[in-house]
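# Residue-level structure breakdown
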Amino acid sequence: CTTASASCPRAAELSIVGVVLPVPSPFQERLDDYRTALAGSAPETPAHITLVPPLEVPEVELTRAVEHLGGVASQFAAFPIQLRGTGTFRPTTPVVYIEVALGASACARLATLVGAGPLSAPAAFPYHPHVTIAHRLSEDELDAALSDCAGFDAGWTAQEFTLYEHGPSGWSATRTFPLDG
């Protein structure tokens, strides 16, 4: 669109949001330290399992999105997660990740619920829960990540998900939703 109108919000009226399941301490720090060492800079967000990838939402819809997320969280029970081993999306996408060995189906159900309503958008790829550890790196660096983290093993109970917003200084967690179902 070229003009601001009720049906054509200006870019300044859009928020970029994402929804994630956080990886808890001490696993988050271990993964983030590795990600920092590999990429040469700190990651934009702490280690996580994405439920809703970055999405533009009209600012006027943020309240409705928060209410939607609260409703989903109130009806979804905490569930076990086990990360184990590595995988890659190559050659489609230059990404290496930690596998969700236990809890993948619960992540997928939660992602479907969270990504409905005000946070619905066409998916570029089928949903595959994972924790990204390397992307946008050379093939050798991606191979190293695939090998280095193959023995990674961590388990916990997912008890919450987090809404992130992208602002002038990058990504920040703006609200956490306890899984109370």
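Everything that follows concerns the structure shown earlier in this document.
Here the structure is a predicted model, which means the values were calculated and not measured. (Residues numbered from 1 in each chain as written. Predicted model: local features only at pLDDT ≥ 70, side-chain atom pairs only at ≥ 80, totals over all residues. Heavy atoms only, no water.)

## Considerations on the sheet that holds strand β4 (residues 95-102)
Strand order in this open sheet of four strands is β5-β4-β3-β6, and the pairing throughout is antiparallel. Of all strands in the sheet, those with a lone pairing partner are β5 (130-135) and β6 (153-158), marking the two edges. Each strand of the sheet is rotated relative to its neighbour by a mean of 30°, with strand direction disregarded. Across five bridges, strand β3 (residues 79-88) lies against β4 in antiparallel orientation. Paired with Q82 across the strands is L102, a residue of β4. The strands touched by helix α1 (residues 27-39) within the sheet are β4, β5 and β6, with β5 carrying the most contacts at an inclination of about 20°. (Pairing = 2+ DSSP bridges. Helix = DSSP H or I, 4+ residues; strand = E, 2+ residues; numbered from the N terminus. Axes fitted to C-alpha atoms, helices over the stretch in contact; angles between N-to-C directions. Contact = heavy atoms within 4.5 Å.)

## Points about the packing of helix α2 (residues 62-75) against helix α3 (residues 104-114)
A packed helix pair is summarised by two numbers, namely the angle formed by the two axes and the spacing between the axes. Between α2 and α3, the least distance of the axes is 10 Å, while the angle of their chain directions is 145°. As α2 packs across α3, the resulting crossing turns out to be right-handed. Contacts between α2 and α3 involve H68, L69 and V72 on the former and, on the latter, L110, L113 and V114. For the contact of α2 with α3, the class distribution of residues is five nonpolar, one polar and no charged. (Left-handed = near helix turned anticlockwise from the far one by under 90°. Nonpolar A, V, L, I, M, F, W, Y, C, P; charged D, E, K, R; others polar.)

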